[in-house]
Amino acid sequence: MTSKIAPLSLWHPAVICSTWFWSGLSPKAPGTVGTLAALPVGILIYYYFGAPVLGMASLLAFGIGWWSTKVYLVKTGKSDPGEVVIDEVAGIWLALHAADLSPLMIILAFLLFRLLDIWKPWPIGWLDRKVKGAFGVMIDDYVAGLIASVLLVIIKKVYYGNF
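All of the points below concern the structure found in this document. (Residues numbered from 1 in each chain as written. Predicted model: local features only at pLDDT ≥ 70, side-chain atom pairs only at ≥ 80, totals over all residues. Heavy atoms only, no water.)

Digging into the layout of surface pockets
We apply this condition: In this analysis, the protein atoms alone were mapped onto a 1 Å grid. Cavities are point sets where a 1.4 Å probe fits without being able to get out; pockets are open sets with protein on both sides within 12 Å along at least five of seven lines; lining residues have an atom within 4 Å of a point. Grid points are joined across faces, edges and corners, and a volume is the space filled by probe spheres set on the points. Working definition: helices are DSSP H or I runs of at least four residues, strands are E runs of at least two. Numbering for both runs from the N terminus. Classification used: nonpolar for Ala, Val, Leu, Ile, Met, Phe, Trp, Tyr, Cys and Pro, charged for Asp, Glu, Lys and Arg, polar for all others including Gly.
Quantified by volume, the largest pocket comes out at close to 160 Å³. In terms of lining residues, the largest pocket is bounded by 14 residues, among which Asp80, Pro81, Val84, Asp87 and Glu88 are the most central. Taken together, the elements giving at least two residues each to the lining of the largest pocket come down to α2 (30-49), α4 (86-96) and α7 (133-160). The leading source of residues in the lining of the largest pocket is α7, at three residues. Looking at the lining of the largest pocket residue by residue, the classes come out as four nonpolar, two polar and eight charged.

Written as structure tokens, this is what we have:
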């Protein structure tokens, strides 16, 4: 790990938050690595405090991400750097809050969120292209998490036979 992300120190709070404790600095697939790094924390929040608290935590992550990403973008001069993965944190937590803690649902939450984030179907792709700045970095992943959560609710209804 290098000691700086010009001109920020790795210990700057905006770097720690926006890279989700440096997981976004992975040389390969930083978005996937950031999502995987956020998953255990989301599972623990869900397990100990429940789905509604995880949903609120995703909103808190969105707010912190908006702030830290704004600082990161201003200080580094970048527009949508791959190392910023706090957007994945907020998105996967939103997706996960609609799952349950079964291994199948956790895996489906991860896969649905990552597929939506990578493929960017409408409206995710539109948001990614049209909304700029720190809010733009955050909002497309948050909407991917929202769509993944809706799909998980539908899958749960079909799987558990509660339609």
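Considerations on unusual backbone geometry
The criterion, for reference: Throughout, exposure labels follow a simple rule: accessible area from a 1.4 Å probe, protein chains only, divided by the maximum for the residue type, with under 20% read as buried, over 50% as exposed, and the rest as partly exposed.
Residue Pro123 follows Trp122 across a cis peptide bond; omega there is 5°. Here Lys120, not a glycine, exhibits a phi torsion of approximately 55°, which is positive. Overall, the relative accessible area of 24% leaves Lys120 in the partly exposed class.

Points about the nonpolar core
Selection criterion: Side-chain atoms within 4.5 Å are what join buried Ala, Val, Leu, Ile, Met, Phe, Trp, Tyr and Cys residues into a set we call a nonpolar core. When checking whether two residues touch, look at their non-hydrogen atoms; a contact exists if any pair is within 4.5 Å.
One finds Trp20, Val89, Ile92, Trp93, Leu96 and Leu152 to be the most contacted residues of the largest nonpolar core, which totals 46 residues. Every element with two or more residues in this core is listed here: α2, α3 (51-76), α4, α5 (103-119), α6 (124-130) and α7. Ranked by the residues each element gives to this core, the list is headed by α7, at nine residues. Those residues within four positions of Trp93 in sequence are excluded, and the remaining contacts are Trp20, Ala38, Val41, Gly42, Ile45, Leu54, Ala57, Ser58 and Ala61.

Observations regarding the packing of aromatic side chains
Basically, it comes down to this: Aromatic contacts are taken between Phe, Tyr and Trp rings whose centres are within 6.5 Å, Trp giving its six-membered ring; a plane angle under 30 degrees counts as stacked, one over 60 as edge-to-face, and the others as tilted.
Scanning the entire structure with this criterion turns up nine aromatic pairs. Seen from their ring centres, Trp11 and Trp22 are 4.9 Å apart, and the 75° between their planes marks the pair as edge-to-face. Within this pair, whereas Trp11 is found in the loop between β2 (8-9) and α1 (13-18), its partner Trp22 is found in the loop between α1 and α2, the two being separated by eleven residues in sequence. Summarising the aromatic geometry, the rings of Tyr47 and Tyr48 are spaced 4.9 Å apart at their centres and angled 90° between planes, so their arrangement reads as edge-to-face. Considered together, Tyr47 and Tyr48 belong to a single accessibility category, that of exposed residues. These aromatic residues form a ring-pair network of at least three members: Phe62, Trp66, Phe135 and Tyr142.

Topic: the packing of α3 against α7
This is how the line gets drawn: Angles run from 0 to 180 degrees between N-to-C directions of axes, and those axes are lines fitted to C-alpha atoms, restricted for helices to the stretch in contact. Crossings are sorted by hand: turned counterclockwise from the far helix by less than a right angle, the near helix makes the crossing left-handed, and turned clockwise it makes it right-handed.
At a minimum axis separation of 8 Å, α3 and α7 run at an interaxial angle of 145°. Where α3 crosses over α7, the two elements pack in a sense that is right-handed. Contact with α3, carried on its side by Gly55, Ser58, Leu59, Ala61, Phe62, Gly65, Trp66, Thr69, Lys70 and Leu73, involves Gly133, Ala134, Phe135, Val137, Met138, Ile139 and Tyr142 of α7 and no other residues of that element. For the contact of α3 with α7, a count of residues per class yields eleven nonpolar, five polar and one charged.

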